[in-house]
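# Residue-level structure breakdown
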Amino acid sequence: CMDPVESEIKAIHFERLVNIAPKLRNLYHTLLKDEVERLGYKTRDTQFAFEIEGIPESAIKEFSQRTAKIEDLKDKLGITSPEAKAKLGATSRSPKQPGKPWDELVAEWRGRLSASDLSAIDRTVADAKAQAPQPTLERNAHFTEFALE
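The following paragraphs examine the structure supplied in this document. Predicted model only: the values in this text are computed from it and were never measured. (Residues numbered from 1 in each chain as written. Predicted model: local features only at pLDDT ≥ 70, side-chain atom pairs only at ≥ 80, totals over all residues. Heavy atoms only, no water.)

### Focus: the overall build of the protein
Definition in use: Every helix listed is a DSSP run of H or I at least four residues long, and every strand listed is a run of E at least two residues long, numbered separately from the N terminus. Accessibility here uses a 1.4 Å probe with only protein chains present; expressed as a share of the type maximum, an area under 20% marks a residue as buried, one over 50% as exposed, and anything in between as partly exposed. A contact between two residues is defined here by any heavy atoms of the two lying within 4.5 Å. Note that accessible areas follow from Shrake-Rupley with a 1.4 Å probe, and for residues the cover is restricted to the protein chains shown.
Looking only at helices and strands, the protein features 7 helices and 4 strands. Out of the 149 residues belonging to the protein, those deemed buried represent 15%. For the protein, restricting intrachain contacts to residue pairs at least 6 apart in sequence, the fraction spanning at least 24 positions comes to 37%. With the model as given, the accessible surface of the protein reaches about 12,300 Å², and the carbon-plus-sulfur share is 59%.

Here's what the structure looks like:
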């Protein structure tokens, strides 16, 4: 809220942000999915977002361990309410690790996957690259204009 006497912002109405958060999340996922598809990937919808076709379920599971950890912790603590589970997710996260060079991260990630998963992912990426239109400055102009506004 703008303080009428001091002409400064004194408070934020978080209720408005909370109310539009699901719409913003849906908009974000829609825009991201559109861009992923524009890059040549095929997608499939999931309950809350989308996945890239061709990425094996075992690979998705390997990199989606956070939910499983929360579920395990919820069961150990006997938590049953969705509200308590949400708080558990927010309070049980491990601290961030210091940054690593990109090449090192990619090597670590690839090391967590089986040979068949790596092959399927590499094939999916190659197929997408073959399908994707070549980028042009004209095609990306709307992003540049938006960033400069």
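### Details of the side chain of Thr-43
Applied cut-off: Polar contacts, as used here, are pairs of N or O atoms within 3.5 Å; protein pairs need one atom able to donate a hydrogen and one able to accept it. Residues neighboring in sequence count only if both atoms are side-chain atoms.
Tracing the backbone shows Thr-43 in strand β3 (residues 43–45). Looking at Thr-43, the relative accessible area reads 13%, which means it is buried. A polar side-chain atom of Thr-43 sits 2.4 Å from a polar atom in the side chain of Glu-37. Dropping the residues within four chain positions of it, Thr-43 is found in contact with Lys-33, Val-36, Glu-37, Phe-50, Glu-51, Ile-52 and Glu-53.

So, to be careful, I would describe these as geometric facts and stop short of saying anything about function.
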